[in-house]
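Next come the chains, spelled out residue by residue.
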Amino acid sequence: MKQVTTLVEFFSDNTIDNVLGAFAFRPLSLIFLIDSGPHEPEIEATLKAMKRRLPQTKVSFYKTMDREMDSIRSALEELWRDHPDCVFDFTGGTETMLLGAYAFAFRHDTPMLHINMESCSLININRCEELAREFVFPQLSLEDHLNMNGAFLAGYGYHAPSEKWENRIRGFCRLVLENQQKWKEQCLYLQMTAARAKDLRVENYLELHTADGVAVRGDVDYLRRLEMAGMLEKVSIREGRIAFRFPSPQIRQCLCDSGMWLELHTYLLLKESGRFSDVRLSVRIGWGVAEQQTSGTAYNEIDIIACSGITPLFVSCKSGLPNPSSMNEILVYARKFGGARAKAAMVTSAEISHGFVGLRKRAADLGTVIVDESDIKEGLAQGMLLYMLDYKA
């Protein structure tokens, strides 16, 4: 793509308007025409996003009085004297500023463009034919979204599985869906055996007891099926005892958490859809600036965040039935950490029976969707989640 030396933006309180053009064209210099209003948080978020993705781009500001056309004209004339090679991007900014800038740029026959976020295309207003031909719509990462919304990536509750484990996990999830109650019983047994093992190798009785004396028995057939799925190795049964090995620490973690399968299943559905450039599991998000946080700072944890273009999808996974409060919570997090274009969805391993159809309507009213057990079994979950990308509130 042709090198853009100087890109002019019209400062917006919506940070993505400020950085999208720079992310697309990677200019040597990024200039903002900004009014005298209070914009400190937005300026900080804009600079933070630029520093991470384009640290070599020089950012500067030309100040003006938004409602005074003479002030706008004067700032533009100064900008033009300093940067006669500039390209104007009419993607953000106030109406008055845009009108004044268009009249000025038209009079000087300056290159002008607009990025349409709905169609993901570039509109050539004047002398930007080559940029339009070679334009590639930017893909934003999770870090981009967090930086633009005053937050930071604080880490992960657990890491996504490597590709070599993905087929095993898919088979494991199918097994869980056959009988979730049976899985919960065997998960408890696996938890107890793992807690008594020194490493990945387990040797114990087939029947164990809780501290309250309740018997917890390993189901040999079920454990064999876990072995067939590749989630256990070297299973052997002899005289009321069992021996087996967890293939990896991560697989052990998965088998010792009764609800983790749902997050992994949903993660793999989103990843294999091909619609997302960035899919993350168990994301911990901090507010403010990472360097200013102290030990013990509380973080928000989101089960899954998937980014497509400039739209992040926040997904909450629940073992039980969600309620309006939990639906509202994931929407609040999506807007807080993902911006105005963020979408939210809920996935539950429970069944939303006819008596709870109001939950789906409530979700639709809130601008989200609920995927339940039947949707997952019938292969509808992926389509329902992808629908949220194109959903217009």
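Just so you know, these numbers come straight off a predicted model, no measurement behind them.

Participant: Could you give me a rundown of the overall build of the protein chain, with the residues and numbers involved?
Facilitator: Looking only at helices and strands, the protein chain has 15 helices and 17 strands in total. For the protein chain, the C-alpha atoms occupy an extent of roughly 90 × 45 × 40 Å along the three principal directions. Classification of the 393 residues of the protein chain by burial places 51% in the buried group. For the protein chain, long-range pairs separated by at least 24 residues make up 66% of all intrachain contacts whose partners lie at least 6 apart in sequence. About 18,800 Å² of surface is accessible on the protein chain, with carbon and sulfur atoms providing 49% of the total.

Participant: So what's going on with the sheet that holds strand β11 (residues 233-238)? Residues and values would help.
Facilitator: With antiparallel pairing, three strands are arranged side by side in an open sheet as β8-β12-β11. For this open sheet the edge positions go to β8 (201-205) and β11, each flanked by a neighbour on one side alone. For this sheet, the mean angle separating the axes of adjacent strands, direction not counted, is 10 degrees. Pairing of β8 with strand β12 (residues 241-245) involves five bridges; the strand directions are antiparallel.

Participant: Provide a residue-level description of the packing of helix α8 (residues 180-195) against helix α9 (residues 220-228), including the pertinent values.
Facilitator: Closest axis-to-axis distance for the α8/α9 pair is 11 Å, and the angle between their directions is 85 degrees. Judged by the inter-axis angle, α8 sits roughly perpendicular to α9. Taking contact as the criterion, the partners of K182, W183, Q186, Y189 and L190 in α8 are, on α9, Y222, L223 and L226. A class-by-class count of the residues in the contact of α8 with α9 yields six nonpolar, one polar and one charged.

Participant: So what's going on with the pattern of salt bridges? Which residues, and what values?
Facilitator: This model, assessed by the stated rule, comprises 24 salt bridges. Among the salt bridges present, the one from E233 reaches R168, with a minimum N-O distance of 3.9 Å. Of this pair, E233 sits in strand β11 while R168 is found in helix α7 (residues 163-178), placing the two residues 65 residues apart along the sequence. For E233, a relative accessible area of 25% gives the class partly exposed. Exposure remark for R168: the relative accessible area of 28% places this residue in the partly exposed category. Across the salt bridge formed by R275 and D390, the nearest N and O atoms sit 3.6 Å from each other. Remark: D390 occurs in helix α15 (residues 381-390) and R275 occurs in the loop between α11 (260-273) and β13 (278-287); sequence separation between them is 115 residues. In this structure R275 comes out as partly exposed when scored by relative accessible area, which is 33%. A single network of salt bridges, built from pairs that share partners, joins R52, R53, E143, D144, D278 and R280.

Participant: Provide a residue-level description of the nonpolar core, including the pertinent values.
Facilitator: If you look at the biggest cluster of nonpolar residues, it comprises 58 residues, and the most contacted ones within it are F172, W183, L226, L255 and L270. The dominant element in this core, judged by the number of residues it contributes, is α11, at eight residues. In this structure, L270 is in contact with F276, V279, I304, A306, L313, V315 and L385, ignoring residues within four places of it in sequence.

What counts, and where the lines are drawn
Residues numbered from 1 in each chain as written. Predicted model: local features only at pLDDT ≥ 70, side-chain atom pairs only at ≥ 80, totals over all residues. Heavy atoms only, no water. Helix = DSSP H or I, 4+ residues; strand = E, 2+ residues; numbered from the N terminus. Buried < 20%, exposed > 50% of the residue type's maximum accessible area, 1.4 Å probe, protein only. Contact = heavy atoms within 4.5 Å. Areas by Shrake-Rupley, 256 points an atom, 1.4 Å probe, with all protein chains shown as cover. Pairing = 2+ DSSP bridges. Axes fitted to C-alpha atoms, helices over the stretch in contact; angles between N-to-C directions. Parallel < 35°, antiparallel > 145°, perpendicular 65-115°, else oblique. Nonpolar A, V, L, I, M, F, W, Y, C, P; charged D, E, K, R; others polar. Salt bridge = Lys/Arg side-chain N within 4 Å of Asp/Glu carboxyl O. Core = buried A, V, L, I, M, F, W, Y, C linked by side-chain atoms within 4.5 Å.

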